[in-house]
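Understanding the architecture of this molecule
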Amino acid sequence: EIGVRLVGSEMCIRDSDKDWDSWEIHPAGDELVILMSGLVTFVIESGVETRETCLSKPGDYVVVPKGHWHTARLSKSSTVLFITPGEDTQHRSA
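Residues numbered from 1 in each chain as written. Predicted model: local features only at pLDDT ≥ 70, side-chain atom pairs only at ≥ 80, totals over all residues. Heavy atoms only, no water.

Glancing now at unusual backbone geometry. The phi torsion at Asp88 lies on the positive side, around 65°, for a residue other than glycine. With respect to the helices and strands, the residue Asp88 is situated in the loop between β7 (69-84) and β8 (90-93). (Helix = DSSP H or I, 4+ residues; strand = E, 2+ residues; numbered from the N terminus.)

The structure is reproduced here in C-alpha coordinates:
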(Lines give C-alpha, C1' and ligand atoms only; values in the text may rest on other atoms or scores of the structure.)
Protein backbone atom coordinates (compact mmCIF):
# COMPACT_ATOMS: atom_id res chain seq x y z
CA GLU A 1 0.00 0.00 0.00
CA ILE A 2 1.31 3.43 -0.96
CA GLY A 3 -0.31 6.41 0.75
CA VAL A 4 -0.25 10.20 0.95
CA ARG A 5 -2.17 12.42 3.37
CA LEU A 6 -3.83 15.44 1.76
CA VAL A 7 -5.57 18.22 3.67
CA GLY A 8 -8.68 16.53 5.02
CA SER A 9 -8.22 13.47 2.80
CA GLU A 10 -5.94 10.50 2.29
CA MET A 11 -4.87 9.06 -1.03
CA CYS A 12 -3.55 5.52 -1.29
CA ILE A 13 -2.99 2.76 -3.79
CA ARG A 14 -3.83 -0.68 -2.45
CA ASP A 15 -3.04 -4.08 -3.96
CA SER A 16 -5.23 -6.95 -2.79
CA ASP A 17 -6.14 -10.46 -3.84
CA LYS A 18 -9.00 -11.17 -1.43
CA ASP A 19 -12.33 -9.73 -0.32
CA TRP A 20 -12.26 -7.10 2.42
CA ASP A 21 -12.85 -8.59 5.85
CA SER A 22 -14.67 -5.47 7.08
CA TRP A 23 -17.06 -2.70 6.13
CA GLU A 24 -16.13 0.98 6.47
CA ILE A 25 -17.89 4.32 6.56
CA HIS A 26 -16.54 7.86 6.05
CA PRO A 27 -18.66 10.48 7.83
CA ALA A 28 -16.43 13.38 6.70
CA GLY A 29 -17.17 13.18 2.95
CA ASP A 30 -17.43 11.17 -0.26
CA GLU A 31 -14.72 8.66 -1.21
CA LEU A 32 -13.45 8.32 -4.78
CA VAL A 33 -12.34 4.79 -5.77
CA ILE A 34 -10.57 4.21 -9.11
CA LEU A 35 -9.62 0.79 -10.49
CA MET A 36 -6.07 0.57 -11.82
CA SER A 37 -6.10 -3.18 -12.56
CA GLY A 38 -8.11 -6.28 -11.73
CA LEU A 39 -11.82 -6.78 -11.06
CA VAL A 40 -13.58 -5.44 -7.95
CA THR A 41 -17.22 -5.16 -6.92
CA PHE A 42 -18.01 -2.46 -4.36
CA VAL A 43 -21.02 -3.12 -2.16
CA ILE A 44 -22.56 0.09 -0.79
CA GLU A 45 -25.32 0.30 1.83
CA SER A 46 -27.40 3.48 1.91
CA GLY A 47 -29.56 2.49 4.88
CA VAL A 48 -32.48 1.95 2.49
CA GLU A 49 -30.88 -0.29 -0.13
CA THR A 50 -27.68 -2.12 -0.98
CA ARG A 51 -26.15 -1.63 -4.41
CA GLU A 52 -23.21 -3.25 -6.14
CA THR A 53 -20.90 -1.50 -8.58
CA CYS A 54 -18.48 -3.59 -10.63
CA LEU A 55 -15.17 -2.00 -11.63
CA SER A 56 -13.83 -4.13 -14.47
CA LYS A 57 -11.39 -2.05 -16.53
CA PRO A 58 -8.67 0.44 -15.62
CA GLY A 59 -10.18 3.88 -15.04
CA ASP A 60 -13.58 2.57 -13.89
CA TYR A 61 -14.56 4.36 -10.71
CA VAL A 62 -17.22 4.68 -8.06
CA VAL A 63 -17.98 7.50 -5.65
CA VAL A 64 -18.96 6.15 -2.24
CA PRO A 65 -21.29 8.77 -0.74
CA LYS A 66 -20.54 10.29 2.64
CA GLY A 67 -22.01 8.22 5.47
CA HIS A 68 -22.56 4.99 3.48
CA TRP A 69 -21.17 1.65 4.69
CA HIS A 70 -19.17 -0.16 2.00
CA THR A 71 -16.98 -3.19 1.38
CA ALA A 72 -15.26 -4.78 -1.62
CA ARG A 73 -15.34 -8.22 -3.23
CA LEU A 74 -12.45 -9.13 -5.50
CA SER A 75 -12.82 -11.49 -8.43
CA LYS A 76 -9.05 -11.43 -9.00
CA SER A 77 -5.97 -9.66 -7.72
CA SER A 78 -6.57 -5.91 -8.05
CA THR A 79 -4.95 -2.52 -7.62
CA VAL A 80 -7.20 0.36 -6.56
CA LEU A 81 -6.61 4.08 -5.94
CA PHE A 82 -8.58 5.57 -3.03
CA ILE A 83 -9.08 9.26 -2.25
CA THR A 84 -10.72 9.22 1.15
CA PRO A 85 -11.85 11.83 3.67
CA GLY A 86 -10.31 9.76 6.47
CA GLU A 87 -11.37 11.73 9.54
CA ASP A 88 -13.60 9.67 11.88
CA THR A 89 -13.60 6.62 9.55
CA GLN A 90 -15.29 3.65 11.24
CA HIS A 91 -15.10 -0.12 10.60
CA ARG A 92 -17.27 -3.14 11.35
CA SER A 93 -16.77 -6.84 10.65
CA ALA A 94 -17.94 -8.20 7.30
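What follows covers the pairing of strand β3 (residues 22-25). Burial along β3 is two-sided: Ser22 and Glu24 and Trp23 and Ile25, pointing in opposite directions, are all buried. Relative to β8, β3 runs antiparallel, the two sharing four bridges. Bridge pairing links Ile25 to Gln90 in β8. (Buried < 20%, exposed > 50% of the residue type's maximum accessible area, 1.4 Å probe, protein only. Pairing = 2+ DSSP bridges.)

Our focus in this paragraph is the nonpolar core. In this structure, Val33, Val40, Phe42 and Phe82 are the most contacted members of the largest nonpolar core, which totals 14 residues. Of all the secondary structure elements, the ones that give two or more residues to this core are β4 (31-45), β6 (61-64) and β7. The dominant element in this core, judged by the number of residues it contributes, is β4, at five residues. Beyond its immediate sequence surroundings of up to four residues, Phe82 is in contact with Glu10, Met11, Cys12, Arg14, Trp20, Glu31, Leu32, Val33 and Phe42. (Core = buried A, V, L, I, M, F, W, Y, C linked by side-chain atoms within 4.5 Å. Contact = heavy atoms within 4.5 Å.)

All told, the structure shown has three salt bridges when counted by the stated rule. Between Arg73 and Glu52 there is a salt bridge, with the nearest N and O atoms lying 2.9 Å from each other. Taken together, the residues Arg73 in strand β7 and Glu52 in strand β5 (residues 50-55) connect sequence positions 21 residues apart. The exposed category is assigned to Glu52, whose relative accessible area is 53%. The partner of Asp60 in a salt bridge is Lys57, and the shortest N-O contact between them spans 3.2 Å. (Salt bridge = Lys/Arg side-chain N within 4 Å of Asp/Glu carboxyl O.)

Below, the discussion takes up the side chain of Thr79. By secondary structure assignment, the location of Thr79 is in strand β7. By relative accessible area, Thr79 is classed as buried at 16%. If near-sequence neighbours (up to four positions away) are discounted, Thr79 is found in contact with Ile13, Arg14, Asp15, Ile34, Leu35, Met36 and Ser37.

Moving on, we come to the environment of Gly38. Considering the arrangement of structural elements, one finds Gly38 in strand β4. Looking at Gly38, the relative accessible area reads 15%, which means it is buried. The sequence separation of Gly38 and Val80 amounts to 42 residues, and the corresponding C-alpha distance is 8.5 Å. In contact with Gly38, other than residues within four places in its own chain, are Leu55, Ser56, Lys76, Ser77 and Ser78.

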